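Here are the chains, one letter per residue:
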2 protein chains.
Amino acid sequence: YSDSYSSAGDPMWSYFTAVAGQDGEVDAEELQRCLTESGISGTYSPFSLETCRIMIAMLDRDYTGKMGFNEFKELWAALTAWKENFMTIDRDRSGTVEHHELSQSIAIMGYRLSPQTLNTIVRRYSKNGRIFFDDYVACCVKLRALTDFFRRRDHLQQGFVNFVYDDFLQGTMAI
Amino acid sequence: YSDSYSSAGDPMWSYFTAVAGQDGEVDAEELQRCLTESGISGTYSPFSLETCRIMIAMLDRDYTGKMGFNEFKELWAALTAWKENFMTIDRDRSGTVEHHELSQSIAIMGYRLSPQTLNTIVRRYSKNGRIFFDDYVACCVKLRALTDFFRRRDHLQQGFVNFVYDDFLQGTMAI
Ligand SMILES: [Ca+2]
Ligand SMILES: [Ca+2]
Ligand SMILES: [Ca+2]
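Please read these numbers as outputs of a predicted model, since none were measured by experiment. (Residues numbered from 1 in each chain as written. Chains lettered and ligands numbered in written order. Predicted model: local features only at pLDDT ≥ 70, side-chain atom pairs only at ≥ 80, totals over all residues. Heavy atoms only, no water.)

**Student:** Where do I start with the overall build of chain A in this structure?
**Tutor:** Along chain A, the regular secondary structure elements total nine helices and one strand. N-terminal to C-terminal, the α/β element order of chain A is α-α-α-α-α-α-α-α-β-α. The dimensions of chain A, computed from C-alpha atoms along their principal axes, are 50 × 40 × 20 Å. Burial statistics for chain A: of 175 residues in total, 48% are counted as buried. (Helix = DSSP H or I, 4+ residues; strand = E, 2+ residues; numbered from the N terminus. Buried < 20%, exposed > 50% of the residue type's maximum accessible area, 1.4 Å probe, protein only.)

**Student:** Is there a simple way to think about the environment of Asp166(A) in this case?
**Tutor:** Residue position: Asp166(A) is located in helix α9 (residues 165-173). Those residues in contact with Asp166(A), other than ones at most four positions away along the chain, are Arg112(B), Leu113(B), Ser114(B) and Thr117(B). (Contact = heavy atoms within 4.5 Å.)

**Student:** Just checking my understanding: could you explain the pattern of salt bridges for this structure?
**Tutor:** Once their charged atoms are close, side chains differing in charge can pair, the charge on each being opposite to the other. Evaluation of the coordinates by the stated rule reveals 14 salt bridges over all chains. The partner of Glu29(A) in a salt bridge is Lys127(B), with the nearest N and O atoms 3.4 Å apart. Here Lys127(B) lies in the loop between α7 (115-125) and α8 (133-153) and Glu29(A) lies in helix α3 (residues 28-38), a pairing that spans two chains. Taking the shortest distance from any N to any O, the salt bridge between Asp135(A) and Arg53(B) comes out at 3.0 Å. (Salt bridge = Lys/Arg side-chain N within 4 Å of Asp/Glu carboxyl O.)

**Student:** I keep staring at empty space enclosed by the protein and nothing clicks. Help me out?
**Tutor:** The method is simple in principle: a probe with the dimensions of a water molecule rolls over the atoms, and the space it marks as empty is what remains. Considering all chains together, one arrives at two cavities of 30 Å³ or more under this definition. By volume, the largest cavity is sized at about 60 Å³. Lining of the largest cavity is provided by Glu50(A), Arg53(A), Ser48(B), Glu50(B), Thr51(B), Ile54(B), Arg124(B), Tyr125(B), Asp135(B), Ala138(B) and Lys142(B). Only α4 (49-59) of chain A together with α4 (49-59), α7 and α8 of chain B provide two or more residues apiece to the lining of the largest cavity. The residue makeup of the lining of the largest cavity, split by class, is three nonpolar, two polar and six charged. The space that makes up the second largest cavity amounts to roughly 40 Å³. (1 Å grid on protein atoms, 1.4 Å probe; cavity = no way out; pocket = protein on both sides within 12 Å on 5 of 7 lines; lining within 4 Å. Points joined across faces, edges and corners; volume = space filled by probe spheres on them. Nonpolar A, V, L, I, M, F, W, Y, C, P; charged D, E, K, R; others polar.)

**Student:** What's the story with the interface of chain A and chain B in this structure? I'm lost.
**Tutor:** When the parts of a complex come together, some accessible area is lost, and that lost area is often used as the size of the interface. Between chain A and chain B, the contact holds 42 residues from the first and 43 residues from the second. Note on chain A versus chain B: buried area summed over both sides is about 4000 Å², and carbon and sulfur give 57% of it. Of all residues in chain A, the largest losses of buried area upon contact with chain B belong to Arg124(A), Tyr165(A) and Met173(A), amounting jointly to 20% of the total for that side. Along the contact surface separating chain A from chain B lie six salt bridges. Listing elements by their share of the side of chain A that touches chain B, those giving two or more residues are α4, α7 (115-125), α8 (133-153), β1 (160-164) and α9 of chain A. As defined by bridge partners, β1(A) adjoins strand β1 (residues 160-164) of chain B across five bridges and the pair is classed as antiparallel. Note on β1(B): the bridge partner recorded for Phe163(A) is Val161(B). (Buried area = accessible area lost by both parts, 1.4 Å probe. Pairing = 2+ DSSP bridges.)

**Student:** Please clarify how the packing of aromatic side chains should be interpreted in this entry.
**Tutor:** Any pair of aromatic rings gets described here by the distance separating the centres and the angle formed by the planes. Taken as a whole and judged by the stated rule, the model has 38 aromatic pairs over all chains. Between Trp82(A) and Tyr136(A) the ring centres are 6.5 Å apart and the planes differ by 85°, which places this aromatic pair in the edge-to-face class. Here the residue Trp82(A) occupies a position in helix α5 (residues 69-89), and Tyr136(A) occupies one in helix α8, the gap between them amounting to 54 residues. Pair check on accessibility: Trp82(A) and Tyr136(A) agree, each one buried. Pairwise contacts between aromatic rings join Phe149(A), Phe150(A), Phe163(A), Tyr165(A), Phe168(A), Phe149(B), Phe150(B), Phe163(B), Tyr165(B) and Phe168(B) into one cluster. (Phe/Tyr/Trp six-rings, centres within 6.5 Å; stacked < 30°, edge-to-face > 60°.)

**Student:** What is the right way to read helix α6 (residues 99-108) of chain B from this model?
**Tutor:** Each α-helix turn comprises 3.6 residues. Residues three or four places apart therefore point the same way. Taken together, the buried positions of α6(B) are Glu101(B), Leu102(B), Ser103(B), Ser105(B) and Ile106(B). Gly110(B) lies just past α6(B) and shows a positive phi near 100°.

**Student:** Looking at this structure, how should I read the coordination of the calcium ion (ligand 1)?
**Tutor:** Metal coordination angles in their ideal form are 109.5 degrees for the four-donor tetrahedron and 90 or 180 degrees for the six-donor octahedron. All names here are of chain A. Within the protein, the calcium ion (ligand 1) binds to Ala-20 (O), Asp-23 (OD), Asp-23 (OD), Glu-25 (O), Glu-30 (OE) and Glu-30 (OE); these donor distances fall in the range 2.2 to 3.0 Å. Of note is the calcium ion (ligand 1), whose six donor atoms meet at the metal with angles of 47 to 161° in an arrangement that counts as irregular. In the primary structure, the donors to the calcium ion (ligand 1) are separated according to the pattern A-x2-D-x1-E-x4-E. For Ala-20, a relative accessible area of 0% puts it in the buried group. (Donors = N, O, S within 2.8 Å, 3.2 Å for Na, K, Ca; no water. Tetrahedral: all angles 85-135°; square planar, octahedral: opposite > 155°, others 65-115°.)

**Student:** Looking at this model, I keep getting lost on the coordination of the calcium ion (ligand 3). Mind explaining?
**Tutor:** Residue and element names in this part refer to chain B. Surrounding the calcium ion (ligand 3) are the protein donor atoms Asp-90 (OD), Asp-92 (OD), Ser-94 (OG), Thr-96 (O), Glu-98 (OE), Glu-101 (OE) and Glu-101 (OE), at 2.3 to 2.7 Å. In the primary structure, the donors to the calcium ion (ligand 3) are separated according to the pattern D-x1-D-x1-S-x1-T-x1-E-x2-E. Exposure remark for Asp-92: the relative accessible area of 46% places this residue in the partly exposed category.

**Student:** Would you explain the relation of the copies chain A and chain B in this entry?
**Tutor:** The pair of chain copies shares a relation made of a rotation about an axis and a shift along it. Superposition of chain A onto chain B requires a rotation of 180° combined with a translation of 0.0 Å along the rotation axis, giving an RMSD of 0.0 Å. The relationship between the two copies is best expressed as a two-fold rotation axis. Among all residues of chain A, the one whose C-alpha sits closest to the rotation axis is Asn162(A), at a distance of 2.1 Å. (Least-squares fit on C-alpha atoms with pLDDT ≥ 70 in both.)

**Student:** I'm lost on the environment of Asn128(B) in this one. Help?
**Tutor:** In this fold, Asn128(B) is placed in the loop between α7 and α8. With a relative accessible area of 68%, Asn128(B) lands in the exposed category.

This is how it looks when you write it as structure tokens:
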């Protein structure tokens, strides 16, 4: 209630209410529809539903699987930042990120990964060796979430963590 | 070459070649199209692309991101088994699996998970509390792959594993 009261003058409010529909919250399917229509991925394919779910999981602090207005605005800001980042990384302006472009970008973000792990990631998120914007976002969000999950348990910052099975699954199944 | 030679008399061979197209291998998009048309999920929505990717990653021993004929047959058999399993679990015949149905099924499969981890999983794979067939498959395949990954490192079967960061990421980003 307080949310809608304070949001009345916000220029994104009417857009949000149109996307959210009757229940006043945005779920993964609604987000997919609105991102596909926005054309942000730069292709004619539907924006990845999986990426929508991953993004909602990242922001969804009250665990409803849906986004209220503030979460939606936060996501919009994050997506704009990812898009700028994506265009910077795509040095040869092919519209997609390739293996060497991703390697550089991941290094610049401060992750230190082995060549094998980088290969695994490229294989998983690329189509014929090319990573499209929506898959790039899924990749970056997962990389950050899994790294955060690992770090929160690496109390001594040693680079290794002793996981109990249930905790391991809880962190990795959700992402 | 030997693959096509031995497959000539197989009734699935012509179906496979139709799905695979010119390159003679099935990628995630082709698999999605064929599963959507097959109607296996029992809904009018497209079969989840993410589930297709997860299934291919599971079977893809030569790491090409595509499936040859033998991998395709293996996947078809696995899917048929998942579908039977799904219909058994769906006790109230709602067409979807709900929280209590999933809990029972996961326990029967032999996984011991805490209530919090079960909640996390249901939240991640359900839409309005209902888990559809394609998301159910993604959930089961991931659960199995992550458990296998954990077990292979749990040499003493103690239920906990000391992970190095890079190895942790390699296993969890791929799935
Ligand atoms: Ca809604
Ligand atoms: Ca590029
Ligand atoms: Ca049911």
